[in-house]
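The primary structure of each chain is shown beneath.
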Amino acid sequence: MVLLTCACAESPAPPPVTRVPSRQPTLITEARQNVPRFVREIVDGRTVELDDGQRVRISLLAEPAVCWAAAAIAFATKTLLVRPVRVTTVEPGEVNLELDDGTDYALLAVREGVLRAQGAAGEIAEAEQRAARENRGLWGLPCNGMDATPTTTAVPSATTPPKRIQPQPTTTAPPPPPPPVVTTPPPPPAPPCKVSYRIEGQWPGGFKGGVTIKNTGRTAINGWALGWSFSDGQTVQQMWNASASQRGAAVSATNASYVATIAPGGEVSLGFLGSMRDRNTAPRSFTLNGTACATG
């Protein structure tokens, strides 16, 4: 008998498994900082509403001047509305906005003279100084770098005292009869307001309009509603510096809070986007708080 003996070698133990800890998320991947966002509403030239409904103020920008507020909204609408931006929070409610091409929006707005810099130095301060030298935007007419158009008070001219006339000796001839009295009715009072309407741009099916209201009266206007009617079926889609309501052809634009007062001789402007068909005739008449205004 042959006895077979089998020797079994012990199998080596498997090598230990090395576990690599997962990378912790960074601020860029977890927090909504410096990532593409969208602006869905323009509140004013320096305040916007982001795609998540948060309203934020753009850092380093001063409050829009009253005489340039409409232009500031139009600039922000053209540059930011429904455009991708990168948002960096400076403090709660205040952010830096960077356009898709890397341009800083605050620097761009100051450089174009749309807004002023607030508490800023360096590059943005230099941009403001250059815009002022070149009379760009609010540094030119009608603002001239001021928040409101200054009003001047006419100085009454000195009058020459009347000369004393020596009485003439009377004669015995009877005096001539007095001339007939002709009564001339007084002229009608001038309208207390003047409205200028303009079409600033037009494309198939739509257009951009602007309206300027001037107070030609002697007292300030505190709160206003401007009315007009379209004749070609136009409709107002969006308005800035005022809130719009439309019933048929009739449009009513009620002031925003920051342009509610119009001083004597002063003016405010509003703008809007509208839709149209094949014609776009300008309105012929306007009323301010129910009173007819001059046009031109």
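Conventions used here
- Counting from 1, residues in each chain are numbered in the order their sequence is written.
- Per-residue local features are limited, in this predicted model, to residues with pLDDT of at least 70; the limit for side-chain atom pairs, both in listing and counting, is 80 or more; totals at the level of whole chains, interfaces and linings are taken over all residues.
- To obtain the side-chain values, all non-hydrogen atoms of the structure were used and water was disregarded.
- Counting from the N terminus, the helices are the DSSP runs of H or I reaching at least four residues and the strands are the DSSP runs of E reaching at least two.
- Where accessible areas are quoted, they stem from the Shrake-Rupley method and a 1.4 Å probe; at the residue level, only the protein chains shown are allowed to cover.
- Under the scheme applied here, a residue whose accessible area is under 20% of the maximum for its type counts as buried, over 50% as exposed, and between as partly exposed, the area being computed with a 1.4 Å probe on protein chains only.
- Picture the helix axis, draw a direction to every C-beta atom, and the arc is the one those directions span.
- Nine residue types can take part in a nonpolar core, namely buried Ala, Val, Leu, Ile, Met, Phe, Trp, Tyr and Cys, and a core is a set of them joined through side-chain atoms within 4.5 Å.
- In this analysis, two residues are considered to be in contact whenever any of their non-hydrogen atoms come within 4.5 Å of each other.
- Here, a disulfide means two cysteine sulfur atoms that sit within 2.5 Å of each other.
- Pairing between strands is defined by DSSP: at least two bridges between them are needed.
- Looking at any residue, its pLDDT shows the predictor's confidence there, from 0 to 100.
- The length a helix should cover is 1.5 Å for every residue beyond the first.

**Some details on the overall build of the protein**
Secondary structure summary: the protein contains 4 helices and 17 strands in total. For the protein, the exposed surface amounts to about 19800 Å²; the carbon and sulfur share of it is 56%.

**A word on helix H4 (residues 123–133)**
Here H4 has its buried residues at Ile124, Ala125, Ala127, Glu128 and Ala131. Looking down the long axis of H4, one finds its buried residues gathered within 155° of arc, a one-sided arrangement. For H4, exposure combined with an orientation more than 90 degrees from the buried face picks out Glu123, Glu126 and Arg133. Looking one or two residues past H4, Asn135 carries a phi angle of roughly 55°, positive in sign.

**So, the nonpolar core**
Membership of the largest hydrophobic core comes to 37 residues, with the highest contact counts inside it found for Ile42, Val48, Ile58, Leu80, Leu97 and Tyr105. Of all elements in the fold, only strand S1 (36–44), strand S2 (47–50), strand S3 (55–58), helix H2 (69–80), strand S4 (84–91), strand S5 (94–99), helix H3 (105–111) and H4 reach the threshold of two or more residues within this core. Leave out the neighbours within four places in its chain, and Ile42 touches Thr47, Val48, Ile73, Ala76, Thr77, Leu80 and Leu81. One finds Phe230, Val236, Ala253 and Val268 within the second-largest nonpolar core, a separate group that totals 26 residues.

**Re the state of the cysteines**
All told, the structure shown has 2 disulfides when counted by the stated rule. For Cys67, the disulfide goes to Cys143, at an S-S distance of 1.9 Å. Its torsion about the S-S bond being 135°, the disulfide of Cys67 and Cys143 is classed as right-handed. In this pair, Cys67 sits in the loop between S3 and H2 while Cys143 sits in the loop between H4 and strand S6 (193–203), placing the two residues 76 residues apart along the sequence.

**A word on the pairing of strand S7 (residues 206–215)**
Within S7, 8 of the 10 residues are buried, which leaves it mostly tucked inside the rest of the structure. Between S6 and S7, which follow one another and run antiparallel, lie 2 residues, and Gly205 among them has a positive phi close to 85°.

**Topic: the confidence of the model for the protein**
Per-residue pLDDT for the protein averages 82, and the proportion of residues at 70 or more is 79%. A low-confidence stretch, residues 1–9 (pLDDT under 50), is modelled with 0 contacts involving residues beyond four sequence positions or located in other chains. Contacts of residues 148–159 to residues separated by more than four positions or lying in other chains number 2 contacts, the stretch itself having pLDDT below 50.

**Notes on H2**
Taking 1.5 Å per residue, 12 residues should reach 16 Å; H2 reaches 16 Å between its end C-alpha atoms and fits that length. Of all 12 residues in H2, 10 are buried; the element is thus mostly enclosed. Restricting attention to buried positions, one finds in H2 the residues Ala69, Ala70, Ala72, Ile73, Ala74, Phe75, Ala76, Thr77, Thr79 and Leu80. One or two positions beyond H2, positive phi appears at Val82, with a value near 55°.

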